[in-house]
Amino acid sequence: MPKQFKTYTRFEGGLNTKTNSRSIKDNELAQANNVIVDEFGAIKSCGKAVDNDTNYTDPSVTASQPGYGLFQASFDFDSSANNTNTVRTFLADADDGTFTPDAVVHVLDGTSWDTNDISLGAVTGSEQAKVIYHIADGAVTVCDTNVTNVSTTLKDYKYKKAMARFKGSNGVSQLSTSNVGWQDYDTKLSAPTSGICGLHVVGTTAGAGNNTTTLISVVSTAFEDFDTELDGGDYYAVRTTASAEVISNRASDSTLTMAGGGTTWGNSEAYSIYPPQGTGFNLDLTADSGGSWIAGTYEFATSFIYDGNQESLLRELDGDLAVSSDQKVTCRVLANENASGEGYSLGITGGRIYYRLKDSDDAWTLFGDISFTEGTRPSLEGEYTFWVKAVSGTGYLYSDFTIYSANLDTYESINGFSQDTAYLSLGLAGEKYQTSVVTNRRVFIANVKYTTDGGNLQNFGDQIRYSQINKFNTFPELNFIDIGVNDGESFVKLEAFADRLLAFKERKLYIINIGGGSDTQWFLESEHKNMGVEFHAATVKTDFGVAWVNKNGLFFYDGSQVKNLQTKILESDWSNFVDHLTMIAYEPTHKHLVVIRDADDESGDNGDAYVYSFITNSFTFVEDLVADSNKTNPITDAYNKLTMGTGTAEIVSYDGEPDSGTTFDLILKDDDFGMPNVVKKIYGVTVEYASGASNSNGLKYYYTNDSGTKQAVANGGTLASTSSDLDINKVTFGTPLLASSFQVRLDMDGDSIQKVNNVGVEYRPIHKRVT
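Predicted model only: the values in this text are computed from it and were never measured.

## Things to note about the nonpolar core
Membership of the largest hydrophobic core comes to 98 residues, with the highest contact counts inside it found for Trp548, Leu554, Leu593, Phe742, Leu746 and Val756. For this core, the element with the most residues is strand β57 (residues 726-748), which contributes eight residues. Among all residues touching leucine 593, those that are not within four sequence positions of it are Val540, Thr542, Ala547, Leu554, Leu565, Ile584, Ala585, Tyr586, Tyr610, Val611, Tyr612 and Phe614.

In structure tokens:
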């Protein structure tokens, strides 16, 4: 029988350790170490994650938590308030090492680390922060997921444009607006904490005059409705066009006591009572003829508006107003801002006023709308009345409006949830969640720890909460989904794709269809056992679906079905590789899924990785793709690289391109050339390859001899340098091997980038059976 040639020209089958090397396909590999198969007809050196000094400046953090702490997004403003597209990178310092250790997040703006860190508060004892992020409408929300840290808080980090606040009649801001730019803000939508209302919030004094410690109203019962509210501290009595005094207490229904040493209350002096700075609103109310109000005594409540569209819960005010039939009501809104800085948080953009019949359970109906920019108005469509500064050089401001008839809008119709909701937002110390995702203009959070209406900080591991549409910090009490309650598992990670919410517990995956416009149209689409994840960094979103890893496989959801991509790695190899801190990442240029063994540095091989190519649907194995160190969660960055922090002083990136300096070790099929039990003469091996280095004993082989005995690896010859050109090297055996099967191994050194296009084996069957 004449000589024959077997050529291995395609390697896109990749690594297959699940099938015996004699039975794998011609395009599969029995071993594929430090190589990549992401194009048809070639196998090449792998790349590694290396220090990225091009896109990043090395950080300096005291501590990092394995699998946590890194985030990146693009914004319209840089740290200097220039309106230019800017990539900002966030890196958590899990414990900044100060006397009272804090969890902080450093921000890399371009090539410089911003000194304006995001502070999450003090960690507990030796605990460290485990920080995750999400972004919605340019605001980055930062959460320390470590439930032991009872003092850390959620923060929003965002850019506030310079905006005229408290405009006067000329349209110009009456107070400083310098406190703008990048800042962190509380996420809690706190309601006002102060406020009084009634006929005599603004009035006239009585008495002998020249009294520096006592304000006496001309009305003997002016302050009777305010009970102890004015004893609560830091309400201010303002003498019109003059100065102000802190009210110490309400001495009687007509008398307010001051600390003294300030303004002089003369006879018939006009006064106004202002709330504590930045805490709420006082309302001076007057009813007279000319409207269509229904007779009754009304009580009032106020709220804060955050970011222009998120409304807090209501704070009921001390005081009331009696209205006769067919009257109108004029309201003066009194606000107390810091004249030289921030009183009301810049996150608060205004407020609303509501009313209802006193002591009733009626719906709170809109009474007035407050804008910290434009002023006040009696409805959401009305014209604003500007702000007036009561005393020059201070932040005592007021704005008047008149409401002639009742509005139709209620708190519930405006916001879409009940006025009686006991829970609205997170942000108190210790409140947190384990995972979050933004999709369909909502934020979804899961495994949530929050303060219940009973005041207890409680963890709800089986719960998913979701925000109102376009209101990313608003989580009303009834906006939740409980799945698998008391099943012994908790939610670990949320991902979203194609109008589906993928909710991972440790062992189960729930796929929830959230495509309906209303939450009443959502439904549980499917449940998948043994497809959960143990670690939040064990999932990743790609261009065309969501991938995740556990001991049972590498799974992928494309919007319609779940598929296990791991069909070729021996189950025991895979299970031994994957542990509770295994991470997965995506490199988009070459479409690599990278499964990293371990996020921490407890073993010498924690940076090893399986690399899956979406192009060839194949695996290879890379040793030390990432250095053995603590690693943050990986991200797909703005530069199309897979990036993560390593240790405390380095950011590394993997771009999928081959690197020199790595070994190149692959083993082909143990081939009997389709004729088992028949002896073949093996004459030599041809390799078409490119290399910049001479690889001594680069060609190796195994064979099973004519007696059926597997032989140890043998050196076949040198694969000489090709000066990185594509050349052919033929190694001929002086004495042909007598073999029943033959297996090529290429073991090339790491001084060069290697590329192999094909391998050929020259052989001839002989008329002899294996004995």
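## Topic: the side chain of lysine 669
When you line up the elements, lysine 669 lands in the loop between β53 (664-667) and β54 (678-690). At 3.3 Å, the side chain of lysine 669 and the side chain of aspartate 26 are in polar contact. Every residue in contact with lysine 669, bar those within four places of it in the chain, is listed here: Ser21, Arg22, Ile24, Lys25, Asp26, Glu28, Phe742 and Gln743.

## Focus on the sheet that holds strand β23 (residues 282-289)
Note on sheets: strands pair through backbone hydrogen bonds, and any given pair is parallel or antiparallel. Pairing is mixed in the open sheet, where five strands are placed in the order β16-β23-β28-β33-β32. Two strands bound the open sheet, and with one partner strand each, they are β16 (197-198) and β32 (388-389). Sheet topology places β23 next to strand β28 (residues 327-336); eight bridges connect them, and they run antiparallel. Residue leucine 283 lies in a different strand from β28, and its bridge partner there is valine 333.

## Some points on the sheet that holds strand β41 (residues 523-529)
Strand order in the open sheet formed by four strands is β38-β39-β40-β41, and the pairing between neighbours is antiparallel. Since the sheet does not close on itself, it has two edges, and those belong to β38 (491-497) and β41, each with one partner. With direction set aside, neighbouring strand axes in the sheet form an average angle of 20°. Two strands pair when backbone bridges link them, and strand β39 (residues 500-505) and strand β40 (residues 508-513) are joined in this way by five bridges, in the antiparallel orientation. Paired with arginine 500 across the two strands is asparagine 513, which belongs to β40.

## A word on unusual backbone geometry
A positive phi angle is found at asparagine 530, which is not glycine, with a value near 60°. The backbone of phenylalanine 673 sits at a positive phi, close to 60°, despite the residue not being glycine. You can see phenylalanine 673 is positioned in the loop between β53 and β54.

## Focus on the pattern of salt bridges
On inspection of all chains with the given rule, the structure shows 42 salt bridges. Glutamate 495 is the partner of lysine 493 in a salt bridge, and the nearest nitrogen-oxygen pair spans 3.2 Å. For the pair lysine 493 and glutamate 495, a shared accessibility class is recorded, and that class is buried. A cluster of three or more residues bridged by salt bridges with shared partners is formed by Lys6, Asp26, Lys669 and Asp671.

## Observations concerning the packing of aromatic side chains
As enumerated under the stated definition, the model contains 59 aromatic pairs in all. Plain terms: the ring middles of phenylalanine 300 and phenylalanine 367 are 5.1 Å apart, the flat faces sit at 80° to each other, and that makes the pair edge-to-face. Of this pair, phenylalanine 300 sits in strand β24 (residues 296-306) while phenylalanine 367 is found in strand β30 (residues 365-371), placing the two residues 67 residues apart along the sequence. Under the relative-accessibility criterion, phenylalanine 300 is labelled buried at 1%. With relative accessibility at 0%, the residue phenylalanine 367 sits in the buried group. An aromatic cluster of at least three residues, connected via ring pairs, comprises Phe544, Phe556, Trp574, Phe577, Tyr586, Tyr610, Tyr612, Phe614, Phe619 and Phe621. The ring of tyrosine 683 is capped by lysine 3, whose NZ or CZ atom sits 4.2 Å from the centre of that ring. The cationic tip of arginine 332 hangs over the ring face of tyrosine 398; the distance from NZ or CZ to the ring centre is 3.7 Å.

## A word on a negative patch on the surface
On the surface, a cluster of negative charge is contributed by Asp601, Glu602, Glu623, Asp624 and Asp628. Mapped onto the secondary structure, aspartate 601 falls in the loop between β47 (592-596) and β48 (609-613). In this structure aspartate 601 comes out as partly exposed when scored by relative accessible area, which is 43%.

## A look at the pairing of strand β19 (residues 236-239)
Where β19 meets strand β20 (residues 244-252), three bridges bridge the pair, whose relative direction is antiparallel. Bridge pairing links valine 238 to alanine 244 in β20. When β19 meets strand β22 (residues 270-274), the two strands line up antiparallel, connected through four bridges. Looking at β22, one finds that alanine 237 is bridged to isoleucine 273.

## So, the state of the cysteines
This model, assessed by the stated rule, comprises zero disulfides. Cysteine 197 takes part in no disulfide bond, and the closest cysteine sulfur, belonging to cysteine 331, lies 8.8 Å away. For cysteine 197, a relative accessible area of 1% corresponds to the buried category.

## Quick look at the environment of aspartate 93
Turning to its location among the elements, aspartate 93 is positioned in strand β9 (residues 86-93). Residue class for aspartate 93 comes out buried when judged on its relative accessible area of 3%. Separated by 504 residues in sequence, aspartate 93 and arginine 597 have C-alpha atoms that sit 23 Å apart. If we ignore the near neighbours within four places in the chain, the residues touching aspartate 93 are Val61, Thr62, Ala63, Asp102, Ala103, Val104 and His106. Among the polar contacts made by the side chain of aspartate 93, one reaches the main-chain amide nitrogen of threonine 62 at a distance of 3.0 Å.

## Concerning the pairing of strand β58 (residues 755-769)
Relative to β58, strand β1 (residues 4-8) runs antiparallel, the two sharing five bridges. Bridge pairing links glutamine 4 to tyrosine 763 in β58. Of the pairings in the sheet, the one linking strand β6 (residues 43-45) to β58 comprises two bridges and is antiparallel in character. Considered in β58, the bridge of isoleucine 43 is made with valine 756. Bridging between β54 and β58 involves 11 bridges; their strand directions are antiparallel. Directly across from valine 687, in β58, lies its bridge partner valine 759.

## Looking at the side chain of asparagine 33
Position of asparagine 33 among the secondary structure elements: in strand β4 (residues 31-33). Leave out the neighbours within four places in its chain, and asparagine 33 touches Phe621, Glu623, Thr663, Phe664 and Asp665.

## Some remarks on the environment of glutamine 72
Tracing the backbone through its elements, the reader meets glutamine 72 in strand β8 (residues 70-75). Judged by its relative accessible area of 14%, glutamine 72 falls in the buried class. Those residues within four positions of glutamine 72 in sequence are excluded, and the remaining contacts are Tyr56, Val87, Arg88, Thr89, Ile635, Asp637, Ala638 and Tyr639. One polar contact links glutamine 72 to threonine 89, side chain to side chain, over a distance of 3.0 Å. Of the polar contacts made by the side chain of glutamine 72, one reaches the backbone nitrogen of alanine 638; its length is 2.6 Å.

Criteria and cut-off values
- Residues numbered from 1 in each chain as written.
- Predicted model: local features only at pLDDT ≥ 70, side-chain atom pairs only at ≥ 80, totals over all residues.
- Heavy atoms only, no water.
- Core = buried A, V, L, I, M, F, W, Y, C linked by side-chain atoms within 4.5 Å.
- Buried < 20%, exposed > 50% of the residue type's maximum accessible area, 1.4 Å probe, protein only.
- Helix = DSSP H or I, 4+ residues; strand = E, 2+ residues; numbered from the N terminus.
- Contact = heavy atoms within 4.5 Å.
- Polar contact = N/O pair within 3.5 Å; in protein donor to acceptor, adjacent residues only side chain to side chain.
- Pairing = 2+ DSSP bridges.
- Axes fitted to C-alpha atoms, helices over the stretch in contact; angles between N-to-C directions.
- Salt bridge = Lys/Arg side-chain N within 4 Å of Asp/Glu carboxyl O.
- Phe/Tyr/Trp six-rings, centres within 6.5 Å; stacked < 30°, edge-to-face > 60°.
- Lys NZ or Arg CZ within 6 Å of the ring centre and 35° of its normal.
- Patch = residues over 30% accessible without salt bridge, like charges linked within 9 Å, V, L, I, M, F, W, Y side chains within 5 Å.
- Areas by Shrake-Rupley, 256 points an atom, 1.4 Å probe, with all protein chains shown as cover.
- Lys, Arg positive; Asp, Glu negative; His and termini not counted.
- Charge placed at Lys NZ, Arg CZ, Asp CG, Glu CD.
- Disulfide = S-S within 2.5 Å.

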